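Observations on chain architecture
What follows is the residue order along each chain.
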Amino acid sequence: DVKVTQSSRYLVKRTGEKVFLECVQDMDHENMFWYRQDPGLGLRLIYFSYDVKMKEKGDIPEGYSVSREKKERFSLILESASTNQTSMYLCASSFTGAESYEQYFGPGTRLTVT
Amino acid sequence: GIQVEQSPPDLILQEGANSTLRCNFSDSVNNLQWFHQNPWGQLINLFYIPSGTKQNGRLSATTVATERYSLLYISSSQTTDSGVYFCAVAGNSGNTPLVFGKGTRLSVIA
């Protein structure tokens, strides 16, 4: 079974703090993604990565950065957390091959910035 | 970019009833997935179905790619089926990120 894990289920941080959200997958997937989910706005893409050290901006990258130093790990960084970054953060991964593009999601991290 | 519309937005069912959820999309796709979001927020993969028909227990799904829609069928619904069901698609190479619909919130009452 594919397993995508995220470092925390719940996180509370203060405004201005630097926040790291970690995502690890165990299926040797090339692609990894970070989404955020907000009531009324649905799921929106923040950043994604097709390979180690590669990153692409999604729809809402402002205020975020990412790091992919190893294939299995994709980190989302909030450089200076703000209250409007309070949200549910979901990580996903998938293969590049045409056999299946299915994406698998981690359990999510509910981040509250106070 | 691709637009995804799901209907209905909300659905209330009596336990044991059947239901059909619909997903319309605006362009050709190489990836279409149905998810169930559980009360803790995790997205559970139900079907990977860019075309054709699949069944898994009481759930089945059909995607008619040429007409740009997909249907999720839930039969003999149970209270544990409650939650939000999302359709998500990706076009082009299929490796592109998913575009999600706004979901259908299903409530199954005993």
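To start, this report covers the structure provided alongside it. (Residues numbered from 1 in each chain as written. Chains lettered and ligands numbered in written order. Predicted model: local features only at pLDDT ≥ 70, side-chain atom pairs only at ≥ 80, totals over all residues. Heavy atoms only, no water.)

Side note on the interface of chain A and chain B
- Between chain A and chain B, the contact holds 23 residues from the first and 21 residues from the second.
- Three residues stand out in chain A for area buried against chain B, namely Leu43(A), Tyr101(A) and Phe105(A), and they jointly supply 32% of the buried area on that side.
- Joining chain A to chain B, the criterion identifies zero salt bridges.
- Scanning the region where chain A abuts chain B turns up eight residue pairs in polar contact (both at pLDDT 80 or more).
- Those elements giving two or more residues to the side of chain A that touches chain B turn out to be β4 (31-38), β5 (42-49), β9 (87-94) and β10 (104-105) of chain A. (Contact = heavy atoms within 4.5 Å. Buried area = accessible area lost by both parts, 1.4 Å probe. Salt bridge = Lys/Arg side-chain N within 4 Å of Asp/Glu carboxyl O. Polar contact = N/O pair within 3.5 Å; in protein donor to acceptor, adjacent residues only side chain to side chain. Helix = DSSP H or I, 4+ residues; strand = E, 2+ residues; numbered from the N terminus.)

Some thoughts on the pairing of strand β3 (residues 19-25) of chain B
Residues and elements named next belong to chain B.
- Burial along β3 is one-sided: the residues Ser 19, Leu 21, Cys 23 and Phe 25 are buried and none of Thr 20, Arg 22 and Asn 24 is.
- Pairing between strand β1 (residues 4-7) and β3: four bridges, direction antiparallel. Each bridged residue has a counterpart across the sheet, and for Glu 5 the counterpart in β3 is Asn 24.
- By the bridge criterion, six bridges tie β3 to strand β8 (residues 69-74) in an arrangement that is antiparallel. The residue bridging Leu 21 from the neighbouring strand is Leu 72, located in β8. (Buried < 20%, exposed > 50% of the residue type's maximum accessible area, 1.4 Å probe, protein only. Pairing = 2+ DSSP bridges.)

Here's the deal with the nonpolar core
- Core analysis: the biggest nonpolar cluster contains 22 residues, and Trp34(B), Leu72(B) and Val89(B) have the highest contact counts within it.
- Listed by contribution, the elements that provide at least two residues to this core are β2 (10-14), β3, β4 (31-37), β5 (43-48), β7 (59-64), β8, β9 (83-90) and β11 (104-109) of chain B.
- The next biggest cluster of nonpolar side chains, apart from the first, holds 20 residues, and it includes Leu21(A), Met32(A), Tyr89(A) and Leu111(A). (Core = buried A, V, L, I, M, F, W, Y, C linked by side-chain atoms within 4.5 Å.)

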